Amino acid sequence: MLARWTPRGLAVAAGACLALAFPAAGAWWWAWVGLVPLLVLLAGAGTYREAAWRGWCAGVGFFVTLVHWLLPSLGVFAPLVMGTVGLLWAPFGMVSYGLLRNPSPARVAVALVVLPSVWVGVEAVRSWKHLGGAWGLLGLSQWQVRPVLALAALGGVWLLSFVLVAVNVGLAAAVLPTVLPAVGRRARLTGAGAAAALAVAAVSFGLVRPEPVPVGAMRVAGVQTGPVPGAEQRIAAHLRLTHELAGRDPDVVVWGQSSVGLDPAQRPGLAPRLRSAAAATGGDLLVNVDAADPSGQIAKSTYQYTADGLVNTYVKQRLVPFGEYVPLRPLLGRLTDHTAAAAQDRVTGDRLTILEVSGHRVGPLISYESTFPDMRRELLRMGADVTIVQGSLTTFHGSWAQPQQASFEAVRAVETGRSAVLVELDGTSAAFDADGTRLAWFPPEYRGGFVVDVPLYRGTTPYVLLGDWVPLTAGAIVLAAGLAYGVRGFRRRAVKRPAS
C-alpha cells in the first residue's frame with residue numbers, strides 16, 4: 001500500500017507545485033519545467049491504470065492549490081468538484097505512460113506532438129462555461145513574459161499551453177534515464193534538442209514580431225471602492241469618487257460589477273444622480289446593476305449613462321456556476337443551503353453588445369466572462385476598439401483570485417490586438433496594451449478613482465481571424481493518434497490469432 005501511494009502523493013505535490021506558476025505566487029518560469037517531475041512519475045507508473053491514478057492525483061493537487069480560495073464557497077461540494085475536475089488529467093497520465101515508458105527517438109517525437117495535444121484538449125473541455133471557464137490554463141502563466149506572450153496573437157492561450165507542455169515533454173525525455181536506465185542516448189538527445197529548439201523559437205518570435213502601432217488613445221477612468229456594505233452606501237461611495245474625477249477629462253468612467261444594487265427603474269431618484277455624475281466628468285458612465293426588476297428576476301447588467309440618460313445596456317451571458325446560478329437547482333438546490341451558492345439564479349443575456357463612447361467602440365464584458373477567449377474574439381469581429389471588463393471578487397478579497405483575474409487581461413489583449421481594461425469593485429484593476437505591456441495595476445487595497453490613457457489599434461491578429469485552430473488541430477491529432485493505436489492493436493491481435 002505504501003509503495004502504491006507514495007508516488008501518488010508525489011503526483012499530488014507535482015500538481016500543486018505547478019500551480020505556483022500563476023499569480024499570486026507568480027513563478028512563471030516553473031511552467032517551463034514543472035511538468036517534468038510528473039511526466040517522470042507517469043512514465044514509471046507500470047500500468048495504464050496506475051498512470052491514470054497518478055494523473056488524477058496531480059490534477060487534484062493542481063486545482064486545490066490554484067483555486068484554494070474557492071473551497072470555502074463550494075462547501076460540501078468541494079471534494080466532488082475538485083475530484084471531478086482532477087479526473088480530466090487522467091487521460092494525460094495514461095497517454096504519457098504509453099509514450100514515455102520505453103521512449104525511442106520516434107516515440108519521443110510522437111510524444112512531443114501528441115501529449116501537448118491531449119493537454120490542450122483537456123484544457124478546452126474544462127473551459128466549458130459550466131465547468132468553471134478557462135481559469136488556470138497553463139499558457140496564462142506567461143502573462144508577464146512579453147516575448148513568449150506574443151504567441152497568443154497566433155493561436156491564443158492554447159498555443160502558449162501547447163508550447164509549454166511540449167518543452168516539458170522534451171525535458172522529461174532528457175532526464176528519464178535517471179529512472180528508466182533503458183532509455184537510449186538518441187531518445188535523450190531528441191528530447192533535449194526539441195525542448196531547446198521550441199523555447200528558442202518561442203522567444204525569437206516575440207523578439208522579432210513588430211510591435212503594434214497605436215492609432216489613437218482613449219482615456220478610461222475607473223472607480224474602485226472596495227467592499228461597501230449596503231446598496232445605497234455603495235452607490236454613494238461610487239458617486240463621491242466619480243465626482244472627484246471631474247476635470248481629468250475621461251472619455252468613460254467605469255464602475256465594477258454589482259456596483260449598483262438597486263434597479264434604477266424602480267428608484268426614481270437614482271437615474272438623475274447617475275446622469276449628473278456623467279455630466280460632472282464630461283464622459284460616459286458605465287455602471288453595473290445587480291438588482292431585482294419588477295418581475296423579481298435579477299440580471300447582472302452594464303448600464304451606459306450620458307448626461308442625457310441611459311443610452312445602452314449589456315446583460316451578462318455567462319454566469320458563474322453556483323456563484324450566480326445552481327446547476328440542476330431542483331436536484332441540488334437543498335444541498336446548497338449551507339454553502340455560499342446563489343440563492344436565486346441570475347438571468348442570462350442573449351447577445352454581445354458594442355457601446356459607442358466618444359466616437360470609440362467599446363466591447364463590454366462582466367467579470368467571469370473575462371476568462372473566455374471566444375467572447376473577446378467575437379467583440380473584435382463586431383468592431384470593438386477596446387474591451388472593458390467590470391469585475392468584483394469581494395467574496396475572495398485578498399486571495400490569489402484577484403491577481404489571477406487581472407492577469408487574464410494581458411493575454412486577452414495580445415490575443416485580440418486591442419487594449420484591455422479591467423475595473424474591479426473589489427479586486428485588482430488593471431489595463432494592458434495590445435503588446436501585453438502593463439498600463440495600470442491597482443491592487444485590492446487601493447481605494448479611489450484612477451485614469452489611464454489606453455492606446456487604440458487597428459488590424460487583426462491571426463488568432464481573431466482563425467479562431468481556436470490550436471484546440472481543433474489538437475483534437476484532430478489526438479483522434480488520429482487514437483485511431484493509429486487502435487489499428488496497430490488490431491493488427492497485433494490478428495498476427496497472434498492462431499490459424500483455423
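For the structure, check the block above.
Rules used throughout
- Residues numbered from 1 in each chain as written.
- Predicted model: local features only at pLDDT ≥ 70, side-chain atom pairs only at ≥ 80, totals over all residues.
- Heavy atoms only, no water.
- Pairing = 2+ DSSP bridges.
- Helix = DSSP H or I, 4+ residues; strand = E, 2+ residues; numbered from the N terminus.
- Axes fitted to C-alpha atoms, helices over the stretch in contact; angles between N-to-C directions.
- Contact = heavy atoms within 4.5 Å.
- Parallel < 35°, antiparallel > 145°, perpendicular 65-115°, else oblique.
- Nonpolar A, V, L, I, M, F, W, Y, C, P; charged D, E, K, R; others polar.
- 1 Å grid on protein atoms, 1.4 Å probe; cavity = no way out; pocket = protein on both sides within 12 Å on 5 of 7 lines; lining within 4 Å.
- Points joined across faces, edges and corners; volume = space filled by probe spheres on them.
- Core = buried A, V, L, I, M, F, W, Y, C linked by side-chain atoms within 4.5 Å.
- Buried < 20%, exposed > 50% of the residue type's maximum accessible area, 1.4 Å probe, protein only.
- Expected span 1.5 Å × (residues − 1).
- Arc of directions from axis to C-beta.

### Some thoughts on the sheet that holds strand 10 (residues 429-432)
And step 1. With respect to topology, 6 strands assemble into an open sheet ordered 6-7-8-9-10-11, the strand pairing being mixed. If you trace the sheet from one side to the other, it starts and ends with strand 6 (355-357) and strand 11 (438-442), each paired once. Each adjacent strand pair in this sheet contributes to an overall mean axis angle of 20 degrees, direction not counted.
And step 2. Sheet topology places strand 6 next to strand 7 (residues 360-366); 3 bridges connect them, and they run antiparallel. The residue of strand 7 that forms the bridge with Val357 is His360.
And step 3. The sheet contacts of helix 14 (residues 373-381) involve strand 7, strand 8 (386-391) and strand 9 (420-424), and relative to strand 7 the element is tilted by about 160 degrees.
And step 4. Strands strand 8, strand 9, strand 10 and strand 11 of the sheet are contacted by helix 15 (residues 401-416), whose axis makes an angle of about 160 degrees with strand 9.

### Some remarks on the packing of helix 9 (residues 152-175) against helix 15
And step 1. Contact geometry of helix 9 with helix 15 gives a least axis separation of 8 Å together with a crossing angle of 140 degrees. Viewed along their axes, helix 9 and helix 15 adopt a mutual orientation that is oblique. Facing Ala152, Ala153, Gly156 and Val157 of helix 9, the residues of helix 15 in contact are Val411, Arg412, Val414 and Glu415.
And step 2. Partitioned by chemical class, the residues of the contact of helix 9 with helix 15 number 5 nonpolar, 1 polar and 2 charged.

### As for empty space enclosed by the protein
And step 1. With the rule as written, the count across this model stands at 1 cavity of 30 Å³ or more.
And step 2. In this structure, the largest cavity occupies an estimated 40 Å³ of space.
And step 3. Lining the largest cavity we find Phe22, Pro23, Leu66, Trp135, Gly136, Leu140, Gln404, Ser407 and Phe408.
And step 4. Considering each element in turn, the lining of the largest cavity owes the most residues, 3 residues, to helix 15.
And step 5. Looking at the lining of the largest cavity residue by residue, the class counts come to 6 nonpolar, 3 polar and no charged.

### Let's talk about the nonpolar core
And step 1. Counting residues in each nonpolar core, the largest one holds 97 residues, and the members touching the most others are Trp89 and Leu138.
And step 2. Take this core: its biggest share by element is 14 residues, from helix 9.
And step 3. Among the nonpolar cores identified, the runner-up in size contains 21 residues, and Leu241, Trp255, Leu285 and Val289 belong to it.

### Details of the pairing of strand 12 (residues 448-456)
And step 1. For strand 12, the buried fraction is high: 7 of the 9 residues fall into the buried class.
And step 2. With 9 bridges joining them, strand 1 (residues 216-224) and strand 12 adopt antiparallel strand pairing. Its bridge partner being in strand 12, Gln224 is matched across the sheet by Gly448.

### Quick look at the pairing of strand 10
And step 1. Here strand 10 shows a buried face lined by Ser429 and Ala431 and a second buried face lined by Ala430 and Phe432.
And step 2. Examined bridge by bridge, strand 9 and strand 10 share 3 bridges and lie antiparallel to one another. Counterpart to Leu422 in the pairing with strand 10 is Ala430.
And step 3. Here strand 9 folds back onto strand 10 in antiparallel fashion, the turn holding 4 residues.
And step 4. With 4 bridges joining them, strand 10 and strand 11 adopt antiparallel strand pairing. Counterpart to Ala431 in the pairing with strand 11 is Ala440.
And step 5. Between the end of strand 10 and the start of strand 11, which pair antiparallel, lie 5 residues, with Gly436 showing a positive phi angle near 90 degrees.

### Description of the sheet that holds strand 3 (residues 284-292)
And step 1. The 6 strands lie next to each other as 5-4-3-2-1-12, forming an open sheet whose pairing is mixed. What marks the edges here is a single partner per strand, and that holds for strand 5 (309-315) and strand 12. Between one strand axis and the next, the sheet turns through 30 degrees on average, direction left out of account.
And step 2. Sheet strands touched by helix 12 (residues 270-281): strand 2 (252-255), strand 3, strand 4 (298-306) and strand 5. Its angle to strand 4, the strand with the most contacts, is close to 45 degrees.

### Considering the layout of surface pockets
And step 1. Estimates place the volume of the second largest pocket at around 660 Å³.
And step 2. Lining the second largest pocket are 20 residues, with Tyr48, Gly98, Leu99, Ala481 and Tyr485 sitting closest to its centre.
And step 3. Those elements giving two or more residues to the lining of the second largest pocket turn out to be helix 6 (90-100), helix 7 (105-126) and helix 17 (469-496).
And step 4. Ranked by residue count, the leading element in the lining of the second largest pocket is helix 17, at 8 residues.

### Thoughts on helix 12
And step 1. With 12 residues, helix 12 ought to run about 16 Å at 1.5 Å a step, and its terminal C-alpha atoms sit 17 Å apart, in line with that.
And step 2. Taken as a whole, helix 12 has its buried residues at Leu270, Ala271, Leu274, Ala277, Ala278 and Thr281. The buried residues of helix 12 occupy one face: seen down the axis, they fall within an arc of 120 degrees.
And step 3. Against the buried residues of helix 12 lie helix 11 (231-243), strand 2, strand 3 and strand 4.
And step 4. Just downstream of helix 12, Gly282 is the residue with a positive phi angle, here 85 degrees.

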